[in-house]
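Topology and contacts: notes
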Amino acid sequence: MSKEHHKYVEVPVACIILIGLFALQHYGTHRVGFLFAPVVLVWLLCISAIGLYNIIHWNPHVYQAFSPYYMYKFFRKTQRGGWMSLGGILLCITGSEAMFADLGHFSQLSIKIAFTFLVYPSLILAYMGQAAYLSQHHIIESEFSANCNYQNVITSEKLRWPVLVIAILAAVVGSQAIITGTFSIIKQCSSLGCFPRVKVIHTSSKIHGQIYIPEINWLLMVLCLAVTVGFRDTRRMGNASGLAVITVMLVTTCLMSLVIVLCWQKSVFLAIGFVFFFGTIEALYFTASLTKFLEGAWVPIALAFIFLIIMCVWHYGTQKKYEFDVQNKVSINWLLSLGPSLGIVRVHGIGLVHTELVSGIPAIFSHFVTNLPAFHQVLVFLCIKSVPVPHVKPEERFLVGHIGPREYRLYRCIVRYGYRDVHKDDMEFEKDLVCSIAEFIRSESVAPGSVNEDLVKDDDKMTVVGTCSSHTEGVQMREDDADNIEAAGPSELKEIWSPPPVMKLRKRVRFIVPKSPEIDTGAREELQELMEAREAGIAYILGHSYVKAKQGSSLIKKLVINYGYEFLRRNSRLSTYALSVPHASTLEVGMIYHV
């Protein structure tokens, strides 16, 4: 195909491939993932074979280029021109890490083995082959001079099309790795409160790391199509990709020095030496890539700036909202002044008040009590926290404590999830929650003060309690149909039953409590009331807050809070917990926060 006609085909075909790639994302990488390893393997073997042929055929002495002497000689001869050329060869390193962009799918050992014995040797042979070819053809003006690696392939009719197909498939695999890596990063940022909440779909029932985020997927597609249509050539794309990758490498090197000192407990001088050695090399490439700023390298800087603004606005608004909750939370003295009935009618059932506070009583509770004359007989202030670890052990899932005296039947429960943990459905969650509260009541009655406790504000004592499966020797809960009650448990267990249900269709709930050690009468009454409330049902009370900048705030703060954060809040997804609760049992309480 002539060069004039080629430009009219290249961009549309690339766009079609991109659209097809992003359209397949919702099926999950596990459905086509079995093709990734063979494609990458064949591609690496292909480029290494081409490179080895070029080395043998054109210049077998190219291996001498490994000597640092030639690097020194090159810079001494070319000077500023040689330094500027570094910004144009970053594509040599921007593709190799793309295969492992989603580190959640690979172990450290697999990456080490793959890079050491396959990826690195293949890349070295490919680039040595290109150097060998250029050493004999650098004077010849050719339209294929930029693709010297394919010069031998292009002249061979038999090899041209197979290599082209493998190259396209390898590019698709690399793009897929970047896409899935982006999904994982966005999910972790969202879990840590640094990015607006988005819809996360787990595409694999076996591997939790394989996820799909629709909003990010289509946003990526639009950006990729815009770059492809806007640039139309790989040179400017290479400049954009090169600056992005070398910036990431430079930042990673700086952060690695902190890991050496803080995590590995090594000498500060070792960290300084590490940064000096690797940072000098990367800074050389970084400064060279900045010279390509107007030739495409501005794109990643602009995108990074936009996403930085989004993350800063969201984090700032979330932080101000949390600070308002902390400053306006209700004191224990106010609660004690209401008495055990809280000054209102206590109706049957369990009320789960969702809050972001880990201590104190949220302002939304006083707002609710002030406007409604009734509340549930058992109140649980529920706080869902995402912690910066992959998984939280089941035996450390719940933190449970009393709020006020025991006769108030007020509890605080903090549920901790890792960023790779999967939230259970509402039925399993309710069972684990009630069971953990029952186990807390038993453990507090048996050995008060001897359990693992963390002291927090407002004199709350939080006890670490696991899920039902993690404390098999503790309290267990069973729910049976009223007409089909199971036989009593083993002789070493005694059962605490709730009263016979009024309605036939309601489930009958019972606790199975170990005989030893004995629990006191107050704990038995507390468990009895908890079971009555569980049979009556659970209501989810969600606070719906509107954040506004208070009067007298600066113009920038008003723009950030009233427009920026409010826009992101209205267009972001609800929390995972809010999405999983049954809508028929959900009550939203609205309140305006002036921050």
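Preceding this section is the structure that the text describes.
Predicted model only: the values in this text are computed from it and were never measured. (Residues numbered from 1 in each chain as written. Predicted model: local features only at pLDDT ≥ 70, side-chain atom pairs only at ≥ 80, totals over all residues. Heavy atoms only, no water.)

Section: the packing of aromatic side chains
For the structure shown, the criterion picks out eight aromatic pairs. Residues Trp314 and Tyr565 carry aromatic rings whose centres are separated by 5.3 Å and whose planes lie at 35° to one another, so their mutual orientation is tilted. Separated by 251 residues along the polypeptide, Trp314 in helix H13 (residues 298–327) and Tyr565 in helix H18 (residues 555–571) bring together distant segments of the chain. Note on Tyr565: relative accessible area 3%, which makes it buried. (Phe/Tyr/Trp six-rings, centres within 6.5 Å; stacked < 30°, edge-to-face > 60°. Helix = DSSP H or I, 4+ residues; strand = E, 2+ residues; numbered from the N terminus. Buried < 20%, exposed > 50% of the residue type's maximum accessible area, 1.4 Å probe, protein only.)

Observations concerning the packing of helix H11 (residues 234–263) against helix H12 (residues 268–290)
As a packed pair, H11 and H12 sit with axes 9 Å apart at the nearest point and diverge in direction by 170°. Compared by their axis directions, H11 and H12 come out roughly antiparallel. (Axes fitted to C-alpha atoms, helices over the stretch in contact; angles between N-to-C directions. Parallel < 35°, antiparallel > 145°, perpendicular 65-115°, else oblique.)

Some remarks on helix H17 (residues 521–536)
Here H17 contains 16 residues, and its C-alpha end-to-end distance of 23 Å stays within 8% of the 22 Å for a straight helix at 1.5 Å per residue. Those residues of H17 lying buried are Ala523, Glu526, Leu527, Leu530, Met531, Ala533, Arg534 and Glu535. Once H17 ends, the next one or two residues include Gly537, with phi positive near 120°. (Expected span 1.5 Å × (residues − 1).)

Overview of the packing of helix H9 (residues 157–191) against helix H10 (residues 214–231)
Packed helices, taken two at a time, are described by the angle between their axes plus the distance between the axes. Close contact between H9 and H10 brings their axes to 10 Å; oriented N to C, the two are set at 135°. In terms of orientation, H9 and H10 fall into the oblique class. In terms of crossing hand, the pair formed by H9 and H10 is right-handed. Taking contact as the criterion, the partners of Ile179, Thr182, Phe183 and Ile186 in H9 are, on H10, Ile216, Asn217 and Leu220. Counted by class, the contact of H9 with H10 contains five nonpolar, two polar and no charged residues. (Left-handed = near helix turned anticlockwise from the far one by under 90°. Contact = heavy atoms within 4.5 Å. Nonpolar A, V, L, I, M, F, W, Y, C, P; charged D, E, K, R; others polar.)

A word on the pairing of strand E4 (residues 374–387)
By the criterion of burial, E4 is predominantly enclosed, with 10 of the 14 residues buried. One ladder, built from eight bridges, connects strand E3 (residues 345–354) with E4; its direction is parallel. Among the inter-strand pairings, Leu352 is bridged to a residue of E4, identified as Val380. In this sheet, strand E6 (residues 410–418) lies alongside E4 in parallel orientation, the contact comprising nine bridges. Opposite Leu382, over in E6, you have Cys413 as the bridge partner. (Pairing = 2+ DSSP bridges.)

Some thoughts on a nonpolar patch on the surface
Taken together, Tyr8, Val9, Val13, Ile17, Trp161, Leu164 and Ile168 make up a surface patch of nonpolar side chains, about 650 Å² in accessible area. Mapped onto the secondary structure, Val13 falls in helix H1 (residues 3–23). Under the relative-accessibility criterion, Val13 is labelled partly exposed at 41%. (Patch = residues over 30% accessible without salt bridge, like charges linked within 9 Å, V, L, I, M, F, W, Y side chains within 5 Å. Areas by Shrake-Rupley, 256 points an atom, 1.4 Å probe, with all protein chains shown as cover. Salt bridge = Lys/Arg side-chain N within 4 Å of Asp/Glu carboxyl O.)

Quick notes on the environment of Leu45
Along the polypeptide, Leu45 turns up in helix H3 (residues 36–58). The partly exposed category is assigned to Leu45, whose relative accessible area is 46%. Separated by 78 residues in sequence, Leu45 and Leu123 place their C-alpha atoms 9.7 Å apart.

Here we look at the pattern of salt bridges
Overall, the coordinates contain seven salt bridges when judged by the stated rule. The shortest N-O distance in the salt bridge between Arg569 and Glu566 comes to 2.6 Å. Of this pair, Arg569 and Glu566 both sit in helix H18, separated by three residues, roughly a single helical turn. When its relative accessible area of 15% is taken as the criterion, Arg569 is described as buried. Relative accessible area serves as the criterion here: at 8%, Glu566 is assigned to the buried category. Salt-bridge contacts for Glu566 lead to Arg570; the nearest nitrogen and oxygen are separated by 3.8 Å. With Glu566 and Arg570 both in helix H18 and four residues apart, the pair spans about one turn of that helix. Assessed through its relative accessible area of 54%, Arg570 is described here as exposed. Shared partners join several salt bridges into a network, and the residues in it are Glu566, Arg569 and Arg570.

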